[in-house]
Amino acid sequence: MTKETDDLLGEMRALKMLMILQLLRQGVKQSQIAAILGVSEPTMSRMLPKGIARSVSKGGTAFAVEGVE
């Protein structure tokens with residue numbers, strides 16, 4: 001792959017993560033997000049840093065997500 005392709009894929013992953021975090025913040029359950037993405041619940045859990053879903057759903061804002069600036 002070219003650097004441009006790698007950069008684009010990285011940006012797409014970051015956008016996907018931001019969308020997931022926004023849905024969590026709005027109260028959408030992790031299982032529902034997994035169904036939307038067409039992945040299993042365990043896969044959905046592995047996609048998120050440990051404890052982030054709980055933190056975001058409670059209104060927490062102080063977190064860092066790899067690849068998301």
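Located above this text is the structure these notes cover.
Residues numbered from 1 in each chain as written. Predicted model: local features only at pLDDT ≥ 70, side-chain atom pairs only at ≥ 80, totals over all residues. Heavy atoms only, no water.

J.: How would you explain the nonpolar core if you had to name every residue and give the values?
T.: In this structure, M17, I20, L21, L24, I33, A34, M44, L48, I52, A53 and V56 together form the largest nonpolar core, which totals 11 residues. Elements that contribute at least two residues to this core include exactly α1 (3-25), α2 (30-37) and α4 (52-57). In terms of residue count, α1 provides more of this core than any other element does, 4 residues in total. (Core = buried A, V, L, I, M, F, W, Y, C linked by side-chain atoms within 4.5 Å. Buried < 20%, exposed > 50% of the residue type's maximum accessible area, 1.4 Å probe, protein only. Helix = DSSP H or I, 4+ residues; strand = E, 2+ residues; numbered from the N terminus.)

J.: Break down the packing of α1 against α2 for me, citing the residues and quoting the values.
T.: Look at α1 against α2: their axes get within 10 Å of each other, and the N-to-C directions meet at 140°. Regarding α1 and α2, the two cross each other, and that crossing is right-handed. Seen from α1, the contacting residues are K16, I20, L23 and L24; seen from α2, they are Q30, I33 and L37. Here the contact of α1 with α2 is composed, by residue class, of 5 nonpolar, 1 polar and 1 charged. (Axes fitted to C-alpha atoms, helices over the stretch in contact; angles between N-to-C directions. Left-handed = near helix turned anticlockwise from the far one by under 90°. Contact = heavy atoms within 4.5 Å. Nonpolar A, V, L, I, M, F, W, Y, C, P; charged D, E, K, R; others polar.)

J.: Break down α1 for me, with residues and values.
T.: In this model, α1 (23 residues) spans 33 Å end to end at C-alpha, consistent with the 33 Å of a helix rising 1.5 Å per residue. Listed as buried for α1 are A14, M17, I20, L21 and L24. The first or second residue beyond α1 is G27, which carries a positive phi of 95°. (Expected span 1.5 Å × (residues − 1).)

J.: Got a sec to walk through the environment of S31? Specific residues and values, please.
T.: Here S31 is to be found in helix α2. S31 gets classed as partly exposed once you look at its relative accessible area, which sits at 31%. When the C-alpha positions of S31 and P42 are compared, they lie 9.2 Å apart, and in sequence the two are 11 residues distant.

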